[in-house]
Each structure stands twice: as structure tokens, then as C-alpha cells.
Amino acid sequence: MRGLGELESTIMDRMWARRRPATVRDVLEDLRQDRTIAYTTVMTVMDNLHTKGLLKRQSAGRAYVYEPVASKEAYTADLMRSALAGSGNHAATLVHFLERLTPEEAAALEAALQVIPPRGGSA
């Protein structure tokens, strides 16, 4: 799994923030508050995000209504899992990752580990 391009990331952030389905026009109007951008550009990027499996869509008359397939947190977790899977040495990669955590990130990791039930090593 690869990360997103700049415009893809911006559009996905807007979609995740909306928390409701949106048309290309909805996203276009939102983006135009910060930049000049063409309808066809937004339409193409949203179609690409649909093709990549990040957005689902339903026909609504002559347009599509889009919504994210997963939450931003689930997408980020998939990216992290993919990066770990692509490393040659999982243990070393995790050690390097943990060394770089801020105190706030370390606290969030500790809290998350309290939520996940321990996995048994043998059955």
C-alpha cells in the first residue's frame, strides 16, 4: 500500500472531516475556499481514489455521491502495517520506530496496548 499524493491526501482529509457522503461539487466548493481548482481535476482525483479502494460511491442522478471506505485511523494503520511488512527485519524496524516516538506518542501507544487483549503464544 502506498501513501497518497498531495491532492489525494487533501481530498481524503476533507472527506474524513465531513463525516458524511459528498459529491464532487461539495468537495470542489470546500477546496475552493483555499485554492483555485477545476471541477474536472477534483472529479478525476476522486475517481482515482475510488479505483484505489479508498472511496466508495453511489449514483445520485447524474452525479456520484462518495464516502470513505474506512476511517483515517484505519487507513493510517494499513500504511503502518504495509511499511512493517516491507521491512527486512520486523524487530529492528519496530525498535527504530519506538526510538523515534515522542513522549505523547509513547503514552498513546501504552494506552492502546491496554485496550488490545494479550495474544497467547501457544494454543
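Placed above this text is the structure.
Report on the accompanying structure. (Residues numbered from 1 in each chain as written. Predicted model: local features only at pLDDT ≥ 70, side-chain atom pairs only at ≥ 80, totals over all residues. Heavy atoms only, no water.)

Attention now goes to the packing of helix 2 (residues 24-31) against helix 3 (residues 39-51). In a packed pair of helices, the relevant descriptors are the angle between the two axes and the axis-to-axis distance. It is the contact of helix 2 with helix 3, at a shortest axis distance of 9 Å, that shows an interaxial angle of 120°. Between helix 2 and helix 3, the angle is such that the two are oblique. Note on packing geometry: the crossing formed by helix 2 with helix 3 is right-handed. Along the contact surface, helix 2 presents V24, R25, V27, L28 and L31, while helix 3 presents Y39, V42, M43 and M46. Classifying every residue of the contact of helix 2 with helix 3 gives 8 nonpolar, no polar and 1 charged. (Axes fitted to C-alpha atoms, helices over the stretch in contact; angles between N-to-C directions. Helix = DSSP H or I, 4+ residues; strand = E, 2+ residues; numbered from the N terminus. Parallel < 35°, antiparallel > 145°, perpendicular 65-115°, else oblique. Left-handed = near helix turned anticlockwise from the far one by under 90°. Contact = heavy atoms within 4.5 Å. Nonpolar A, V, L, I, M, F, W, Y, C, P; charged D, E, K, R; others polar.)

Right, let's get into the packing of helix 4 (residues 72-85) against helix 5 (residues 90-99). Two elements in contact, helix 4 and helix 5, have axes separated by 9 Å at closest approach and are oriented at 130°. Overall, the two elements helix 4 and helix 5 adopt an arrangement that is oblique. Along its contact with helix 4, which presents M80, L84 and A85, the element helix 5 presents H90, T93, L94 and F97. Class assignment for the residues of the contact of helix 4 with helix 5 results in 5 nonpolar, 2 polar and no charged.

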